Amino acid sequence: MTGALSHIRVLDLSRVLAGPWASQTLGDMGADVIKVERPGVGDDTRHWGPPFVGDTAAYFLSCNRNKKSLALDFTTEEGAQIIRDLVAQCDVVIENFKVGGLQKYGLDYASLKKIKPDLIYCSITGFGQTGPYAHRAGYDFLIQGMAGLMSVTGSPQSGPMKVGVALADIMTGLYASIAIQGALIHRDHSGIGQHIDLSLLDVQVATMANQALNYLASGVAPGLLGNAHPNIVPYQAFATSDGHIILAVGNDKQFQSFCRVAGLKGLLEDERFIRNEDRVKHRTDLVTFISGVMKQHSLDWWLEKLEEAGVPCGPINTMERVFDDPQVQHRGLELDLEGTPGVANPIHYSESPIVYEKPPPQLGQDGPAVLQDLLKMTSDELKRLADKGVIGI
């Protein structure tokens, strides 16, 4: 069996996280991904450590498996021509340069479309190809703030907080992989390629989900609720006698079950708490009742009793506990790629399983093979380009 995208070749001109996350996702599905990096330097994230595995930062390893590395300086005319020659044999280009940044090298969509009319060209920027902010550089932290995510993350005591991973980047990478696959399907039916314009700001605003709709429906901006949920109560973290537990009561029946376990049957007859909409209105009173009783027992006691009663709950795990968790282990989420650690792709296909053929590459390790196989370059030509600094080998 082969991957679902084993017939697709991707030229990845992106760096850092959003673009590489998209190309790694496509590579996991079997696509042939050629990652173009600066000779001698590579993707910036190769150096974003510690920690390092060998001389490569763990950050880089998180988003660059299943790729080939071509060290190439496309700011030179010979390097740019090599990109154009490769594009003729690729299906997809991914780039995350500033708007117009590749045009001066003849590597923008309009230029490359002349070489390959059915090319899928995905541009990832902070703010999109158009609009008053199009010229600005975009960074995940800034986007989390500008798009409202930080306004609903944190508590009144902590103030606005960013999420602990670069979520805007990662979600943009996922949207990019979705958009690319949609464009490939469209191309299969129409024969027409297209330019995909994705921005971190657009993605983060779009994925504010219920928080955005809460505001649009009510005109009231959501605020900082800490670990609580704006629309469901009780749905937050509580302290037990020896740790913290997440209580995720999603409906009235589950609330009834929780009250029976917690010895709070009296709440079932209190009109303030019978329905979820009432519990949301009287959140403070209810949380006060629950907080007091949760401290009477240990974390493990609550986990056992609530699970038996069918009440959704769980511990707040450190990363150590995450990878020691039997469910995480059963699902095979920790990878060992030829001695390089990794985290598995969460997609489980029945007929075209995710592939883990290549650990993240060393800088330029595949350049000679790529150029010989696809462009039929000779060893003498490779040496000449290497001596000029156009490629790294």
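So, a few notes on the structure that sits alongside this text. Predicted model only: the values in this text are computed from it and were never measured. (Residues numbered from 1 in each chain as written. Predicted model: local features only at pLDDT ≥ 70, side-chain atom pairs only at ≥ 80, totals over all residues. Heavy atoms only, no water.)

### What to know about the pairing of strand β7 (residues 120–125)
Side-chain positions along a regular strand alternate between the two faces of the sheet. How we decide: Working definition: with a 1.4 Å probe on protein chains only, accessible area under 20% of the residue-type maximum means buried, over 50% means exposed, and in between means partly exposed. Note on conventions: DSSP H or I runs of at least 4 residues are helices, E runs of at least 2 residues are strands, and numbering of each starts at the N terminus. In this analysis, strands are considered paired if DSSP registers two or more bridges between them. By definition, the crossover connecting two strands over a helix is right-handed if that path, from the first strand to the second, turns clockwise as seen with the strands pointing away from the viewer.
The buried fraction of β7 amounts to six of the six residues, a majority that puts the element mostly inside the structure. Inspection of the sheet shows strand β6 (residues 92–95) paired to β7 by four bridges, in the parallel sense. By the bridge assignment for β7, I94 is matched with C122. A crossover links β6 with its parallel partner β7, the connecting element being helix α4 (residues 109–115), and its sense is right-handed. In this structure, β7 lies alongside strand β8 (residues 194–199), joined through six bridges in parallel fashion.

### Looking at the sheet that holds β8
This is how it is decided: Here a residue-residue contact requires only that any non-hydrogen atoms of the pair lie within 4.5 Å. The axes used here are C-alpha line fits, helices contributing only the stretch in contact, and every angle between their N-to-C directions lies in the interval 0 to 180 degrees.
Spatial ordering of the open sheet is given by β8-β7-β6-β1-β2-β5-β14, a layout of seven strands whose pairing is mixed. Across the chains shown, the open sheet's two edge strands, defined by having one partner strand only, are β8 and β14 (391–392). The sheet strands contacting helix α1 (residues 18–28) are β1 (9–12), β2 (32–37), β6 and β7, and the helix crosses β6 at an angle near 150 degrees. Lying on the sheet, helix α6 (residues 167–190) is in contact with β6, β7 and β8; it crosses β8 at an angle near 165 degrees.

### Concerning the nonpolar core
Basically, it comes down to this: As used in this record, nonpolar core signifies buried Ala, Val, Leu, Ile, Met, Phe, Trp, Tyr and Cys residues forming a set joined through side-chain atoms within 4.5 Å.
One finds L11, I82 and I83 to be the most contacted residues of the largest nonpolar core, which totals 30 residues. Only β2, β5 (68–72), α3 (77–87), α4, α15 (367–375) and α16 (379–387) provide two or more residues apiece to this core. Setting aside chain neighbours within four positions, we find I83 in contact with L11, L13, V36, L72, F74 and L107.

### Concerning the sheet that holds strand β10 (residues 244–248)
By way of backbone hydrogen bonds, the strands of a sheet pair with one another, either parallel or antiparallel. Here three strands make up an open sheet; going across it, the order is β9-β10-β11 and the pairing antiparallel. Across the chains shown, the open sheet's two edge strands, defined by having one partner strand only, are β9 (235–239) and β11 (313–315). Strand-to-strand twist across the sheet, computed as the mean angle between neighbouring axes with direction ignored, equals 25 degrees. Where β9 meets β10, five bridges bridge the pair, whose relative direction is antiparallel. For A237, the partnering residue across the bridge sits in β10 and is I246. Taken strand by strand, helix α11 (residues 283–294) contacts β9 and β10, and its axis lies near 40 degrees from that of β9.

### A closer look at α11
Selection rule: The span expected for a helix works out to 1.5 Å for each residue beyond the first. This arc is taken over the directions from the axis of the helix to the C-beta atoms.
With 12 residues, α11 extends 16 Å between its outermost C-alpha atoms, agreeing within 8% with the 16 Å of an ideal straight helix rising 1.5 Å per residue. Listed as buried for α11 are R283, L286, V287, I290, V293 and M294. The buried residues of α11 occupy an angular sector of 130 degrees when projected down its axis, which confines them to one face. Within α11, the exposed residues directed more than 90 degrees away from the buried face are T284 and T288. Looking at the packing, one finds that the buried side of α11 touches β9, β10, α9 (252–262), α10 (276–281) and α12 (299–308).

### Some remarks on the environment of R38
Here R38 lies in the loop between β2 and β3 (52–53). Overall, the relative accessible area of 45% leaves R38 in the partly exposed class. Distance from R38 to A71, taken between C-alpha atoms, is 5.5 Å for residues 33 residues apart in sequence. The contact partners of R38, leaving out residues within four places of it in the chain, are D44, L72 and L363.

### Details of the environment of R279
Within the secondary structure layout, R279 lies in helix α10. Sequence separation between R279 and P234 is 45 residues, and the spatial gap between their C-alpha atoms is 7.7 Å. If near-sequence neighbours (up to four positions away) are discounted, R279 is found in contact with V233, P234, N251, D252, F255, R272, F273, I274 and L286.

### Focus: the pairing of strand β13 (residues 340–343)
On β13, burial follows the alternation: T340 and G342 on one face are buried, whereas P341 and V343 on the facing-out side are not. Where strand β12 (residues 334–337) lies against β13, four bridges are found, and the strand directions are antiparallel. In the sheet register, D336 faces β13, and the bridge partner there is P341. As consecutive antiparallel partners, β12 and β13 are separated by two residues, and within that stretch E338 has a phi angle of approximately 55 degrees, a positive value.

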